[in-house]
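# Geometric and topological summary
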Amino acid sequence: MALNEPLNRKLRMALVGGGQGSFIGRVHSIAACLDNRATLVAGALSSNPERAKASAPDYGIAEDRAYTSYQEMLEAELKLPEGERIDFVSIATPNHVHFEVADAAIKAGFNVVCDKPMTFDLAQAEQLLETVQANDAVFALSHNYTGYPLVRQAREMIASGELGEINAVRAQYIQGWLRTSLEEEDQKQAAWRTDPSKSGAAGAFGDIATHAYNLGRYMTGLFPDQVSCSLKTFVEGRKLDDYGTAVIRYENGALGTVTASQISHGRENDLEIEIDGTKGSLRWRQENPNEMIYRQNGKAHQILTRDPNAPFMNSMGAAACRLPSGHPEAFFEAFANVYASAFDAMAERAAGKSVEKKDTVYTNCYDGVEGMYFIQQCVASSGENAAWVPLKHEAARR
Ligand SMILES: NC(=O)c1ccc[n+]([C@@H]2O[C@H](COP(=O)([O-])OP(=O)(O)OC[C@H]3O[C@@H](n4cnc5c(N)ncnc54)[C@H](O)[C@@H]3O)[C@@H](O)[C@H]2O)c1
């Protein structure tokens, strides 16, 4: 396939966040450029103007396109000739900044790839969905775990009925890095994540349970109905939850659980999901992402490995692979798959075609609204002694 067909050129990227000392902005820049379909040309890399400028050479961004704010960046880029101007903006700032950047970028005509959780609260998410619906820009949400080949394999297996009716979804995301009050030691990632004015209404549930919940939604396609949740803060003085479990009733009668922890000794990024269907069950873990276990009673357990040429791989799974089997693919490649699917849509838009916004391979603004509703309702349920509260969001409905 030609480069970004039918656009037939590289897409031009701008990065907001990702300044020196930060985490995920660098991952965005690598993932977006992994397939040579994009090039990073501009950025507003930090909330600190000097650091924003100083960080630009690390990314090879030219001095005149190293901006000190996203507002300055959008204004200046709009003045450039169309042939030089950025095509999309990637947002890798703390949560409270996502909405203003995304909303302004879409209204200025740029495509957006935004990190999760999509916004600070549900009201912003609903507003952003209206903006996305009213404009023709592409909006992708980087729930990067949906980009793993075996996750996409599972999605297609479930959609085609291989597992039968889905009865249960057990997802958990277990970490241990916030076992102590790291936020009081000037650790920047810990500081904003435990600050309700920057992170939002939830801590562990906003940061990582949203990934686990989204993964279940992405793989099974089941629609949620109600949720009951208990959140706890175990580290003294912390203002947001660092542990919790939610039970989800899905519309088809299935039951789901989502557990998130930041306080489990020795645990790193253990995102794991198990799905039980009437014909078979699946288990996938992101710390061992090139294998998925498929079980059926009475048969030997199968370990599906990420192998683009194996007859057991379906089209979605195989299309998400880059390397032959046995060469591990992981975080960067999965992230790049979310970008690749979004680039397909951006290239079509640039060629004047209208783009699908709801039913996309990449996670989108509707997933973002679902995620923010999940956070809001989990906090509400927990505040009412784990009462059952609604989890069906009409505007996010596919
Ligand atoms: N998808 C994933 O797997 C994943 C992983 C980590 C973080 N995240 C998400 O990515 C976002 C960033 O997380 P992080 O850990 O990289 O945070 P970080 O604290 O490491 O980096 C945030 C960066 O944003 C910059 N920033 C803040 N306000 C800004 C503004 N107004 N304009 C420009 N830059 C600004 C900061 O200066 C910093 O460079 C969060 O929303 C987080 O939830 C996602």
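Residues numbered from 1 in each chain as written. Predicted model: local features only at pLDDT ≥ 70, side-chain atom pairs only at ≥ 80, totals over all residues. Heavy atoms only, no water.

## Observations regarding the domain arrangement of the chain
When the parts of a complex come together, some accessible area is lost, and that lost area is often taken as the interface size. Let me state the cut-off plainly: The split of the chain into domains comes from an automatic or database domain assignment. Between two residues, a contact is recorded if the distance between any of their heavy atoms is within 4.5 Å. When two parts are put together, the accessible area they lose, computed with a 1.4 Å probe and summed over both, is reported as buried area. Take a side-chain nitrogen of Lys or Arg and a carboxyl oxygen of Asp or Glu: if they are within 4 Å of each other, that pair is a salt bridge.
When cut into domains, the chain gives domain 1 (11–145 + 342–360) and domain 2 (148–325 + 370–396). On a C-alpha basis, the centres of domain 1 and domain 2 stand 26 Å from each other. Between domain 1 and domain 2, the residue contacts involve 25 residues of the former and 27 residues of the latter. Across the interface of domain 1 and domain 2, roughly 2,100 Å² is buried in total on both sides, 56% from carbon and sulfur atoms. When the buried surface of domain 1 facing domain 2 is broken down by residue, Leu122, His143 and Tyr145 rank first, second and third, together holding 36% of it. Where domain 1 meets domain 2, there are 2 salt bridges. Residue lysine 116 pairs with aspartate 207 through a salt bridge whose shortest N-O separation is 3.2 Å.

## Here we look at the sheet that holds strand S6 (residues 166–174)
Whenever strands of a sheet pair, they do so through backbone hydrogen bonds, lying parallel or antiparallel. Applied cut-off: Here, any two strands with at least 2 DSSP bridges between them count as paired. Helix and strand assignments follow DSSP, with helices taken as H or I runs no shorter than four residues and strands as E runs no shorter than two, numbered in order from the N terminus.
Strand order in the open sheet formed by 9 strands is S13-S12-S11-S10-S6-S9-S8-S7-S14, and the pairing between neighbours is mixed. Two strands close off the open sheet at either side, each with one partner strand: strand S13 (302–305) and strand S14 (389–390). Across 7 bridges, S6 lies against strand S9 (residues 255–261) in parallel orientation. By the bridge assignment, isoleucine 174 is partnered in S9 with serine 261.

## Topic: the environment of proline 390
Tracing the backbone through its elements, the reader meets proline 390 in strand S14. Beyond its immediate stretch of four places on either side in the chain, proline 390 contacts Asp225, Gln226, Tyr373 and Gln377.

## Overview of the pattern of salt bridges
This is how it is decided: Only protein chains enter the area calculation, which uses a 1.4 Å probe; residues under 20% of their type maximum are buried, those over 50% are exposed, and those in between are partly exposed.
This model, assessed by the stated rule, comprises 24 salt bridges. Arginine 9 is the partner of aspartate 87 in a salt bridge, and the nearest nitrogen-oxygen pair spans 2.9 Å. With aspartate 87 in the loop between helix H3 (70–79) and strand S3 (88–92) and arginine 9 in the segment before strand S1 (11–17), this pair connects stretches of sequence that are 78 residues apart. Its relative accessible area of 26% is what places arginine 9 among the partly exposed residues. Here aspartate 242 and arginine 238 are joined by a salt bridge, their closest N and O atoms 3.0 Å apart. Of the two residues, aspartate 242 and arginine 238, both sit in the buried class.

## Some remarks on the nonpolar core
Put simply, the rule reads: Throughout this description, the term nonpolar core refers to a set of buried Ala, Val, Leu, Ile, Met, Phe, Trp, Tyr and Cys residues connected via side-chain atoms within 4.5 Å.
Core analysis: the largest hydrophobic core is formed by 85 residues, its most contacted members being Met73, Val89, Phe139, Phe205 and Phe374. The greatest single-element share of this core, amounting to 9 residues, is contributed by helix H9 (residues 204–220). When sequence neighbours within four positions are dropped, the list of residues in contact with phenylalanine 205 reads Thr210, Cys229, Leu231, Asp241, Gly244, Thr245, Ala246, Val258, Ala260, Phe374, Ile375 and Cys378. Listed in part, the 31 residues of the second largest apolar core include Leu11, Leu15, Val27 and Val138.

## Re the sheet that holds strand S2 (residues 38–44)
Here is the rule: Note on geometry: axes are C-alpha line fits, over the in-contact stretch for helices, and angles between N-to-C directions span 0 to 180 degrees.
With parallel pairing, 5 strands are arranged side by side in an open sheet as S2-S1-S3-S4-S5. Each edge of the open sheet is held by one strand with a lone partner, namely S2 and strand S5 (139–141). Averaged over all pairs of adjacent strands, the angle between their axes in this sheet comes to 20 degrees, without regard to strand direction. Examined bridge by bridge, S3 and strand S4 (residues 111–114) share 4 bridges and lie parallel to one another. Residue isoleucine 91 lies in a different strand from S4, and its bridge partner there is cysteine 114.

## Comments concerning H9
Threshold: Helix span is expected to be 1.5 Å times the residue number reduced by one. For a residue, the bend is simply the angle between two axes, fitted respectively to the seven-residue segment ending there and the seven-residue segment starting there.
Its 17 residues give H9 an end-to-end C-alpha distance of 23 Å, which sits within 8% of 24 Å, the value for a rise of 1.5 Å per residue. At threonine 210, H9 is bent by approximately 35 degrees, the largest bend along its length. Burial runs high along H9: 17 of the 17 residues are buried. Of the residues trailing H9, glycine 221 is marked for its positive phi of about 70 degrees.

## Examining the pairing of strand S12 (residues 291–295)
Sheet topology note: the strand S11 (residues 281–285)/S12 ladder contains 4 bridges and is antiparallel. Across the sheet, arginine 283 pairs through a bridge with isoleucine 293, a residue of S12. The turn joining S11 and S12, which pair antiparallel and follow one another in sequence, is formed by 5 residues. Pairing of S12 with S13, which is carried by 4 bridges, proceeds in the antiparallel orientation.

## Points about the site of the ligand
What counts, and what does not: A single heavy atom is enough: if one lies within 4 Å of a molecule or strand, its residue is considered near that molecule or strand. Polar contacts here mean pairs of N or O atoms no more than 3.5 Å apart (in protein, one a potential hydrogen donor and the other a potential acceptor; neighbouring residues in sequence count only if both atoms are side-chain atoms). Accessibility throughout is a Shrake-Rupley quantity obtained with a 1.4 Å probe, and a residue counts as covered only by protein chains that appear here. Residues are grouped as follows: nonpolar covers Ala, Val, Leu, Ile, Met, Phe, Trp, Tyr, Cys and Pro; charged covers Asp, Glu, Lys and Arg; every other residue, Gly included, is treated as polar.
What surrounds the ligand is a group of 30 residues, the closest being Ile24, Asn95, Lys116, Asn144 and Gln189. Contact between the ligand and serine 47: an oxygen atom at 3.1 Å from a main-chain N or O atom of the residue. Here tryptophan 192 contributes a side-chain N or O atom positioned 3.0 Å from an oxygen atom of the ligand. Considering the ligand on its own, with 850 Å² of exposed area, one finds that the protein chains cover 92% of that surface. When residues of the shell around the ligand are traced back to their parent elements, those giving at least two are S1, helix H4 (95–107), helix H7 (188–193), H9 and helix H11 (331–350). Here the shell around the ligand takes 4 residues from H7, the largest share from any one element. The residue inventory of the shell around the ligand, partitioned by class, reads 12 nonpolar, 13 polar and 5 charged. When residues are assigned to domains, the shell around the ligand turns out to be shared by domain 1 (11–145 + 342–360) and domain 2 (148–325 + 370–396), each giving three or more.

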